[in-house]
Amino acid sequence: MSRVVVIGAGHNGLTAAFYLARAGLKPLVLERRQTVGGAASTEEIAPGFRVPSLAHAIGPLRSSIVSDMRLESRGVTFIRPNPRLVALAASGGALVFAVDHARTAESIRRFSSRDADRYIDFCQTLGARVIVRGLRAATDFEYELQIAHANADLRPQIDTIFMPTRTKHGFVSASLVREIASHGGDVSRYAPAVVCEALTKKFAKK
Ligand SMILES: Cc1cc2nc3c(=O)[nH]c(=O)nc-3n(C[C@H](O)[C@H](O)[C@H](O)COP(=O)(O)OP(=O)(O)OC[C@H]3O[C@@H](n4cnc5c(N)ncnc54)[C@H](O)[C@@H]3O)c2cc1C
């Protein structure tokens, strides 16, 4: 049987090699760098700060690949950060793209009211009709309702749907996790592995 050689261990090369191996072939992956992952690799840019060195967000990823590779049981966690994107300006301000359109529009307004006014129109051209927001407790609801009303006022065509979290996660918050970690507690059941690692390093230094 002829040998398959995959040039480059970026995520596409690695995925191809996975499926080739699963089909019974013995692919050889050749990578010129010291690390695998290509543009999707994570690197430590300063002691304790591990970040994606190039691609910062995940593009379209077939869910069948996630389950075929059993990524989640191998410790991969998919996070949906909010804000999704922050661009720091040299002048000291920041352009913040939050999950919430109204909040993003307000951030854009600091730079351009015209663009801010058009932002929700722009989102609509992408086909956004529904905003899904997670609720941990009744206290979240008050704040989220205010945002939902603002969105409805700005664009009545876009609906907001609230989704309660699972009961077991209802009490988890960033400040709680930080507090436990600051006392050396184990937060692995509340936060992804990469966050736990960063917290351990951060509080170990103090
Ligand atoms: C600035 C920038 C930002 C991006 N941001 C995002 C993002 O946020 N989200 C997103 O989904 N996509 C993003 N992309 C696109 C994404 O990076 C690519 O779609 C993705 O990296 C393609 O994966 P790949 O495995 O095909 O190639 P790569 O990730 O480029 O990997 C190719 C690998 O092959 C190796 N290689 C190349 N030539 C040889 C050789 N001759 N011999 C041995 N090894 C070799 C390289 O060292 C590398 O490791 C971004 C791209 C750029 C340029």
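Computed from a predicted structure; not experimentally measured.

So, the overall build of the protein
Looking only at helices and strands, one finds seven helices and eight strands in the protein. In terms of principal-axis extent, the alpha carbons of the protein reach across some 65 × 45 × 40 Å. If you take every contact in the protein between residues at least 6 apart in sequence, the share linking residues at least 24 apart comes to 37%.

Describing helix 3 (residues 101-109)
Taken together, the buried positions of helix 3 are occupied by His-101, Ala-102, Thr-104 and Ala-105. For helix 3, the angular spread of the buried residues around the axis is 160 degrees, confining them to a single face. If you follow the buried residues of helix 3, they end up packed against strand 6 (94-97), helix 4 (113-125) and helix 5 (138-154).

Notes on the confidence of the model for the protein
The share of residues in the protein with pLDDT of 70 or more is 99%, and the mean pLDDT across the chain is 88. Taking the mean pLDDT of every element in the protein, the minimum, 85, falls on helix 5 and the maximum, 98, on strand 1 (residues 5-7).

Notes on the pairing of strand 3 (residues 42-46)
Taking burial as the measure, the five residues of strand 3 include zero buried ones, a minor fraction of the element. Across four bridges, strand 3 lies against strand 4 (residues 49-52) in antiparallel orientation. Bridge assignment links Glu-44 to a residue of strand 4, and that residue is Arg-50. Connecting the antiparallel pair strand 3 and strand 4 is a turn made up of two residues, with Gly-48 showing a positive phi of about 90 degrees.

Notes on the site of the ligand
In the vicinity of the ligand there are 20 residues, among which Gly-8, Gly-10, Gly-38, Ala-39 and Gly-59 approach most closely. Looking at which element gives the most residues to the shell around the ligand, the answer is helix 1 (residues 11-22), with three residues. A class-by-class count of the residues in the shell around the ligand yields nine nonpolar, eight polar and three charged.

Some words on the environment of Gly-93
Structurally, Gly-93 is set in the loop between strand 5 (85-88) and strand 6. The sequence separation of Gly-93 and Phe-122 amounts to 29 residues, and the corresponding C-alpha distance is 23 Å.

Brief notes about unusual backbone geometry
Here the residue pair Asn-82 and Pro-83 is connected by a cis peptide bond, since its omega of 10 degrees sits within 30 degrees of zero. With respect to the helices, strands and loops of the structure, Pro-83 is situated in the loop between helix 2 (63-68) and strand 5. Although it is not a glycine, Arg-70 adopts a positive phi angle of roughly 50 degrees. The topology assignment puts Arg-70 in the loop between helix 2 and strand 5.

Focus on the packing of helix 3 against helix 4
With their axes 7 Å apart at the nearest point, helix 3 and helix 4 run at an angle of 155 degrees to one another. Overall, the two elements helix 3 and helix 4 adopt an arrangement that is roughly antiparallel. Of the two possible hands of crossing, helix 3 and helix 4 adopt the one that is right-handed. Within the contact between the two elements, helix 3 uses His-101, Thr-104, Ala-105, Glu-106, Ile-108 and Arg-109 and helix 4 uses Ser-113, Asp-115, Ala-116, Tyr-119, Ile-120 and Cys-123. A class-by-class count of the residues in the contact of helix 3 with helix 4 yields six nonpolar, three polar and three charged.

Criteria and cut-off values
Residues numbered from 1 in each chain as written. Predicted model: local features only at pLDDT ≥ 70, side-chain atom pairs only at ≥ 80, totals over all residues. Helix = DSSP H or I, 4+ residues; strand = E, 2+ residues; numbered from the N terminus. Contact = placed C-beta atoms within 7 Å. Buried ≥ 20, exposed ≤ 12 C-beta atoms within 10 Å, placed from the backbone. Arc of directions from axis to C-beta. pLDDT = per-residue confidence, 0-100. Pairing = 2+ DSSP bridges. Near = placed C-beta within 6 Å. Nonpolar A, V, L, I, M, F, W, Y, C, P; charged D, E, K, R; others polar. Axes fitted to C-alpha atoms, helices over the stretch in contact; angles between N-to-C directions. Parallel < 35°, antiparallel > 145°, perpendicular 65-115°, else oblique. Left-handed = near helix turned anticlockwise from the far one by under 90°.

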